[in-house]
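Overview (structure and organization)
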Amino acid sequence: MESDLDWHSAHALLAWQVELGVTEAMCDAPVNRYEAAAEMVAAQASVAAVAATARPQTDDPVAEAQRAAQSARTLDELAAAMTAYDHCELKKGARNLVFCDGTPGARVMIIGEAPGRDEDQQGRPFVGKAGQLLDRMFAAIGIGRDRTGDAALYITNVLPWRPPQNRDPKPDEIAMMQPFLQRHVELAAPDILVVVGNVSCQAVLGKRGITRLRGQWDKAYDRPVLPMVHPAYLLRTPTAKHEAWADLLELQARLKDTPKGKGR
Ligand code: URA
């Protein structure tokens, strides 16, 4: 029977039933356990064989991510390498890989945290309410994902798959996707990075405390990095918008002072 449940919800429901003491699934028809036992042994052997082949080839997901990311020579190859990467649990519950939006080679690259429900459905980053605010913010300084040349914008996230119930990404999930993010920056070659929110700040700069770090230039992947608060935070805390506006003006000024194509 088809079900609308995603992997994580189905897993949580099963775990709940086990916790309640359920040990058996009841069927509509009686089962001959003597016949079933032999079938069960054969089935277990074949499941074990399939699991052994499906199991990722390494015990070190970060090292494998580094190898896969470094072997990608183009953004398309990088997206394919991420699609093929099987170590991150989030992939199982996600509908789509959310890789990027906007123009590769844009002077500014925004790094968000992780896709939400809308992004997961559409396979594009920042398409929900927070994304619409993000678009309006950057349009105010003349840049956007649908624009070209110096006005272009490129957008990605630390994690390409939606965490269940939008929970915070776990440190091991960030660690294993970080090599892909670094390669993403190298291949997209922006002049300036903007990290929005704590998760991105942690992944790119190794620091947390975005309300303290925002607006202070830093450096990562050989480029200037501007931390900014996440647009979802601004939706909840409109009084912080004037600080975000100051950060946007700071970005605009830095773009004028930074030679074009420095990231390429
Ligand atoms: N929040 C993010 O950080 N990224 C998205 O793509 C959407 C919401």
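Reference entry: report on the structure contained in this document. (Residues numbered from 1 in each chain as written. Predicted model: local features only at pLDDT ≥ 70, side-chain atom pairs only at ≥ 80, totals over all residues. Heavy atoms only, no water.)

A count of helical and extended segments in the chain gives 12 helices and 6 strands. Burial statistics for the chain: of 264 residues in total, 42% are counted as buried. Within the chain, counting contacts between residues at least 6 apart in sequence, those at least 24 apart form 72% of the total. Total accessible area on the chain stands at roughly 14800 Å², and carbon and sulfur atoms take up 53% of it. (Helix = DSSP H or I, 4+ residues; strand = E, 2+ residues; numbered from the N terminus. Buried < 20%, exposed > 50% of the residue type's maximum accessible area, 1.4 Å probe, protein only. Contact = heavy atoms within 4.5 Å. Areas by Shrake-Rupley, 256 points an atom, 1.4 Å probe, with all protein chains shown as cover.)

So, on to the packing of helix H4 (residues 75-84) against helix H8 (residues 171-188). Remark: H4 packs on H8, axes separated minimally by 10 Å, with the N-to-C direction vectors making an angle of 170°. Judged on the interaxial angle alone, H8 and H4 are roughly antiparallel. Together, Leu75, Leu78, Ala81 and Met82 of H4 and Met177, Phe180, Arg183, His184, Leu187 and Ala188 of H8 make up the contact between the two elements. Residue composition of the contact of H4 with H8, grouped by class: 8 nonpolar, 1 polar and 1 charged. (Axes fitted to C-alpha atoms, helices over the stretch in contact; angles between N-to-C directions. Parallel < 35°, antiparallel > 145°, perpendicular 65-115°, else oblique. Nonpolar A, V, L, I, M, F, W, Y, C, P; charged D, E, K, R; others polar.)

The next subject is the pattern of salt bridges. With the rule as written, the count across this model stands at 16 salt bridges. Arg95 is paired through a salt bridge with Asp120; the nearest N and O atoms lie 3.7 Å apart. Taken together, the positions of Arg95 in the loop between helix H5 (90-93) and strand E1 (101-102) and Asp120 in helix H6 (residues 117-122) put the pair 25 residues apart, joining distant regions of the chain. What makes Asp120 buried here is its relative accessible area of 2%. In this structure, the salt-bridge partner of Asp218 is Lys207, at a minimum N-O distance of 2.5 Å. (Salt bridge = Lys/Arg side-chain N within 4 Å of Asp/Glu carboxyl O.)

So, about helix H9 (residues 198-205). With respect to burial, H9 is a largely interior element, 6 of its 8 residues being buried. Turning to H9, its buried residues are Val199, Ser200, Cys201, Ala203, Val204 and Leu205. On its buried face, H9 sits against strand E2 (108-112), H8, strand E4 (192-196), helix H10 (210-213), strand E5 (218-220) and strand E6 (223-228). Just beyond H9, the residue with positive phi is Gly206, at close to 70°.

Counting buried positions along E4 yields 5 of 5 residues, so the element is predominantly enclosed. Burial along E4 is two-sided: the face carrying Ile192, Val194 and Val196 and the face carrying Leu193 and Val195 are both buried. Summarising the sheet, E2 and E4 pair through 4 bridges and their orientation is parallel. Bridge pairing in E4 links Met109 to Leu193. (Pairing = 2+ DSSP bridges.)

Our focus in this paragraph is the pairing of strand E3 (residues 153-157). The two faces of the sheet receive side chains in turn, since in a regular strand these alternate between them. For E3, the tally of buried residues reaches 5 of 5 residues, placing the bulk of the element in the interior. Residues Leu153, Ile155 and Asn157 point to one face of E3 and Tyr154 and Thr156 to the other, with burial holding for every one of them. Where E1 and E3 come together, 2 bridges link them in antiparallel fashion. Residue pairing in the sheet places Gly102 in a bridge with Tyr154 of E3. Relative to E3, E2 is paired through 5 bridges, and the arrangement is parallel. Each bridged residue has a counterpart across the sheet, and for Met109 the counterpart in E3 is Tyr154.

This next bit is on the site of the ligand. Neighbouring residues of the ligand: Gly112, Glu113, Ala114, Glu119, Pro125, Phe126, Asn157 and His230. Here an oxygen atom of the ligand and a backbone polar atom of Phe126 are 2.9 Å apart. One of the side-chain nitrogen or oxygen atoms of Asn157 is found 2.8 Å away from a nitrogen atom of the ligand. Isolated, the ligand exposes 230 Å² of accessible area, and the fraction of that covered by the protein chains is 90%. Its residues assigned to classes, the shell around the ligand shows 3 nonpolar, 3 polar and 2 charged. (Near = heavy atom within 4 Å. Polar contact = N/O pair within 3.5 Å; in protein donor to acceptor, adjacent residues only side chain to side chain.)

Shape descriptors only; they carry no functional weight alone.
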